[in-house]
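So you can see what is in the structure, the chains are spelled out below.
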Amino acid sequence: MRSILNSRYMYGRLNEFGRAMVNWHGWEAKGPRIVALIFAALLYWTAISVPMDLPLQTLFSAIVFLAAMYLRRYTGTLISLIMVMFSVSATSRYIYWRIAYTIDTENLIDLFFALVLIMAEVYAWLVLLLGYLQTAWPLKRKPVILPTDTSSWPTVDLFIPSYNEDLSVVKPTVMAAMGIDWPKDKLNIIILDDGRRPEFAEFAASIGVQCFTRADNNHAKAGNINAALKRTNGEFVAIFDCDHMPTRSFLQYTMGWFLVDPKLAMVQTPHHFLSPDPFERNLQTFRNVPNEGELFYGLIQDGNDLWNATFFCGSCAILRRTCLEEVGGIAVETVTEDAHTALKMQRLGYNTAYLALPQAAGLATESLSAHVGQRIRWARGMAQIFRVDNPLLGKGLSFGQRLCYSNAMLHFFYGLPRMVFLLAPISYLFFEVHIIKASALTIAAYSLPHLLHANLTNSRIQGAHRHSFWAEVYEATLAWYIFRPTLVALINPKLGKFNVTAKGGLVEKEHFDWVISKPYLIMLGLNILGFLIGIGRALWWNTYELDTVILNMLWTIYNLVILGATLAVATETKQGAPYPSGSRCTECQPAFAKRALTGLSDRRFFHGRYVVPGA
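How each quantity is defined
Residues numbered from 1 in each chain as written. Predicted model: local features only at pLDDT ≥ 70, side-chain atom pairs only at ≥ 80, totals over all residues. Heavy atoms only, no water. Helix = DSSP H or I, 4+ residues; strand = E, 2+ residues; numbered from the N terminus. Contact = heavy atoms within 4.5 Å. Phe/Tyr/Trp six-rings, centres within 6.5 Å; stacked < 30°, edge-to-face > 60°. Buried < 20%, exposed > 50% of the residue type's maximum accessible area, 1.4 Å probe, protein only. pLDDT = per-residue confidence, 0-100. Salt bridge = Lys/Arg side-chain N within 4 Å of Asp/Glu carboxyl O.

Asker: Explain the environment of Asn 304 to me, please; I cannot follow it from the model alone.
Answerer: Mapping Asn 304 onto the fold places it in helix H12 (residues 292–306). Taking the C-alpha atoms as reference points, Asn 304 and Trp 137, 167 residues apart in sequence, are found 9.2 Å from one another. If we skip the residues at most four places from it in the chain, Asn 304 touches Gln 134, Ala 309, Thr 310, Phe 311 and Cys 404.

Encoded structure:
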């Protein structure tokens, strides 16, 4: 009757009933679909807006949560969607209650702080809703096998842009590219040296690849690639950052989709890293906890693919030259030129695709300051796109594409809301400001279902790709630094410049980064002081509202844990060499890159062709 599919979920009659409902022939008619949507909308509005006293609200929330706990035992995307609706309803009910019943309009100070908090909560609700839309149903696209006649395979220009990276960083990538299994007369490997260094040209000449330079550095990486486009004529363009070493199978794995879809403009593969980023190294979570990029490359991009909204990520991708040239080459209007380029191609009706198997291995940022600098560029660039080419406006995009791009841009505005959540409880502990006009028990009765359902549902959908606590630490660490550039970019998108992410360096000794940690130290000090004042309020000054004092003190304790972890991230640990020692083979990809990719999923590497398992 029931067979265990894996250690977490099982299959049973509930799944069979759900499948029967999905496959019911009546859904082919427009009438039943309209009736179902109207009925669902009425249920949703009732669930979020009907007023309940404290006991009834508690009972209602408990019943729905127990239903979610029961459903989570079953496998299937339909079950996940039901849990998503439980979560959306619980969060929407909380937001509705907050706006309708908990804002004090009589005291202006209370009103100001209450509005700041409610705006942060509405932002979090919107991002949660759009996040579910992106990730609830990943496409899980498979590769398409190429024809056996290699004469029909297209020509490819493989670009490796570099600016200030050391030659020792670039060499392994070039060697790995030379080992790609593709007809040699159809693969043109080119180093794009924007630093105009003689040793790069000498190295390229010694191994038989090309090296391009240009007279200026206009538009940074985007300008470098666009200049190379004018000097080459391959049917397709593959782009790898100079520290991302491709596997032998990269082109055979990705090119098949271009041959079956003439409107396909780009195929993106994941960014996978050989070395730990500063969070993984300093918190000692490397390979034990999913890193920040795992959610994006492991789930979000697969979810985007369902909506034909895969983002170009600047590396480990291949693009059709005609489509790229039609949009004027790589976008130069923003510092996130990659995502903006994909947006432009999709506005013209071209398709994009994502294949989730890593086909390259690279280096993560070495220090927290470099990591923060990289994310600042991403945040500012997405805010620039929001201003100069807003996906909600203009022609060419489908509804799903607009929402996927909007969520990606809204995500980088989390800086201010995150700081609001880290400082909100001390407004009461310091000044006795009532930012939520309700008793502590009522607040718990409405907020706990929202928090529990969000964590339960995200654990089911994102569990293998993201751990909620570490995600909180990550966002808290970056909040102050991305808040300012996103705000500036909204006001004037032309301000700021492209900063290159340093790669290949070493953290030679353990040290605490006092400069990068200043905002965390200030917020940590404020929360500690607020907690100490809270003790006084609990024992002497505010004994008449002890529950409110305790609630804010518990909130402060949680913030102290998060801020304490951000300080641990700022304690830079000594870093080993980014590459293991060993020779570089021009016939095969570097052995350490192969080892890094082995075991991520089912694949087979041969000195001959790449073989899709089961094909």
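Asker: Please clarify how the environment of Gly 256 should be interpreted in this entry.
Answerer: Position of Gly 256 among the secondary structure elements: in helix H10 (residues 256–260). Taking the C-alpha atoms as reference points, Gly 256 and Ile 145, 111 residues apart in sequence, are found 5.7 Å from one another.

Asker: In this structure, what is going on with the packing of aromatic side chains? I would like to understand it.
Answerer: Two numbers describe a pair of aromatic rings. These are the distance of the centres and the angle of the planes. Tallying each qualifying case throughout the model produces 17 aromatic pairs. Residues Tyr 94 and Trp 97 carry aromatic rings whose centres are separated by 6.1 Å and whose planes lie at 40° to one another, so their mutual orientation is tilted. With Tyr 94 and Trp 97 both in helix H4 (residues 77–101) and three residues apart, this pair spans about one turn of that helix. The two residues Tyr 94 and Trp 97 agree in class, both being buried. Aromatic side chains Phe 279 and Tyr 474 sit 5.1 Å apart centroid to centroid with 50° between the ring planes, which places their arrangement in the tilted category. You can see Phe 279 sitting in helix H11 (residues 278–282) and its partner Tyr 474 sitting in helix H19 (residues 468–491), a full 195 residues away along the chain. Here Phe 279 and Tyr 474 have matching classes, each one buried. What links up through ring pairs into an aromatic cluster is the set Phe 296, Tyr 297, Phe 311 and Tyr 405.

Asker: In this structure, what is going on with the confidence of the model for the protein? I would like to understand it.
Answerer: Low pLDDT marks stretches whose predicted atomic positions should not be read closely. Looking at the protein, the pLDDT average stands at 85 and 89% of residues meet or exceed 70. Counting contacts from residues 1–7, a segment whose pLDDT is below 50, to residues more than four positions away or on other chains yields 13 contacts. Every residue in residues 580–615 scores below 50 in pLDDT, and together they form 68 contacts with partners more than four places removed in sequence or on other chains.

Asker: Explain the pattern of salt bridges here, please?
Answerer: Once their charged atoms are close, side chains differing in charge can pair, the charge on each being opposite to the other. As enumerated under the stated definition, the model contains 13 salt bridges in all. The salt bridge involving Arg 418 is made with Glu 472; its shortest N-O contact spans 2.9 Å. Note that Arg 418 is positioned in helix H17 (residues 415–431) and Glu 472 in helix H19, a separation of 54 residues in sequence. Within this structure, Asp 157, Arg 321 and Glu 325 form a network of salt bridges that share partners.

Asker: What am I meant to see in unusual backbone geometry here?
Answerer: Trans is the common state for peptide bonds, and a negative phi is the common state for residues other than glycine. Its identity as a non-glycine residue notwithstanding, Lys 140 has a phi of 60°, on the positive side. Among the structural elements, Lys 140 can be located in the loop between helix H5 (108–135) and strand S3 (156–162). Positive phi, close to 65°, is recorded for His 219, a residue that is not glycine. Take His 219: it is sitting in the loop between strand S5 (210–212) and helix H8 (220–229).

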